[in-house]
Amino acid sequence: MTVSLEVAEGVGTLRLDRPPMNALDIATQDRLKELAEEATRREDVRAVVVYGGEKVFAAGADIKEMQEMDHTAMVLRARALQDSFTAVARIPKPVVAAVTGYALGGGCELALCADFRIAGENAKLGQPEILLGLIPGAGGTQRLARLVGPSKAKDLIFTGRMVKAEEAREIGLVDRVVPADEVYTQAHAWAVRLAQGPALALRAAKESIDTGLETDLDTGLAIERNWFAGLFATEDRERGMRSFVAEGPGKAKFL
């Protein structure tokens, strides 16, 4: 299979495996959606790592496959393309992208779906669709602008240029740059740490932030308020406060 889901220590690794460049053809997109939805449902998956392997994250769409598609075919496919990436973005658990090598086009758009991005020193990211006479179609014009701001997003999308890991960190496209051979280890460690946290509170935090960014401040505050009050009905909240009173901060165990 071109995408797999492996679970260890509460962390589900969504692994792209379509050598040599992890090109995201239709079959890979559909499989990614299927496994993202599985990761959402599974109680033993409490955090997720998206990983393309040691050499490359994903170099973009399968251009040969796309070249054969006309306007009608893409009208019928475009929503499914976006939906496959949105399924990753909507996993209600912490998601980290472990980026090595190229993350271009659809590969960059996939990384944008994560909550946190750890990149290797060898990483190169970009949205080169303009060089094909296209624009990003899997969320790039929207998620990139929300992450790095419209001016930087327009620079990358208008020019199609690639940015190396350090520049990506400077503009906020990635959050941490590490040696290439440590990318997965550090991403997995980040995910394991959060997998040990209170699952419902983490879900509430993610949904409050993500949904709030799409609306006005008053509506965002209402979303936060409702989640905040709702968490008082959870066992995790009882455990966390009981531990705080008895032992001090940071000692609660949620598993």
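As shown above, the structure is provided for reference.
A. Region of the structure containing the overall build of the chain. A count of helical and extended segments in the chain gives 11 helices and nine strands. Its C-alpha atoms give the chain a radius of gyration of 19 Å, near enough to 18 Å, the size a compact globule of 255 residues would have. Counting every position in the chain, which comprises 255 residues, the buried fraction comes to 45%. Residue pairs at least 24 apart in sequence account for 70% of intrachain contacts in the chain once pairs closer than 6 positions are excluded. Carbon and sulfur atoms make up 55% of the accessible area of the chain, which totals about 13,500 Å². Within the chain, one finds 32 positive and 37 negative side-chain charges whose respective centroids are separated by 3 Å.

B. Representation of the pairing of strand β1 (residues 3-8) within the structure. Across six bridges, β1 lies against strand β2 (residues 11-16) in antiparallel orientation. Residue pairing in the sheet places V7 in a bridge with G12 of β2. From the end of β1 to the start of β2, which pair antiparallel, there are two residues, and E9 there has a positive phi angle of about 55°.

C. Molecular detail of the sheet that holds strand β6 (residues 116-120). Reading across from one edge, β1-β2-β3-β4-β6-β9 is the order of the six strands in this open sheet, with mixed pairing throughout. Each having just a single partner strand, β1 and β9 (176-178) make up the two edges of the open sheet. Shown here is a sheet whose adjacent strand axes are inclined to one another by a mean of 20°, direction ignored. Where helix α8 (residues 183-195) meets the sheet, it contacts β1, β2, β3 (47-51), β4 (95-99), β6 and β9, and its direction lies at approximately 175° from that of β4.

D. Region of the structure containing a negative patch on the surface. On the surface, E54, E121, D181 and E182 cluster together into a negatively charged patch. For E121, a relative accessible area of 56% corresponds to the exposed category.

E. Structural context of the state of the cysteines. Counted by the stated rule, this structure contains zero disulfides. Note on C108: no disulfide assigned, nearest cysteine sulfur contributed by C113 at a separation of 10 Å. On the basis of relative accessibility, which here comes to 3%, the residue C113 falls in the buried class.

Calculation rules
- Residues numbered from 1 in each chain as written.
- Predicted model: local features only at pLDDT ≥ 70, side-chain atom pairs only at ≥ 80, totals over all residues.
- Heavy atoms only, no water.
- Helix = DSSP H or I, 4+ residues; strand = E, 2+ residues; numbered from the N terminus.
- Rg over C-alpha atoms; globule rule 2.2 N^0.38 Å.
- Buried < 20%, exposed > 50% of the residue type's maximum accessible area, 1.4 Å probe, protein only.
- Contact = heavy atoms within 4.5 Å.
- Areas by Shrake-Rupley, 256 points an atom, 1.4 Å probe, with all protein chains shown as cover.
- Lys, Arg positive; Asp, Glu negative; His and termini not counted.
- Charge placed at Lys NZ, Arg CZ, Asp CG, Glu CD.
- Pairing = 2+ DSSP bridges.
- Axes fitted to C-alpha atoms, helices over the stretch in contact; angles between N-to-C directions.
- Patch = residues over 30% accessible without salt bridge, like charges linked within 9 Å, V, L, I, M, F, W, Y side chains within 5 Å.
- Salt bridge = Lys/Arg side-chain N within 4 Å of Asp/Glu carboxyl O.
- Disulfide = S-S within 2.5 Å.

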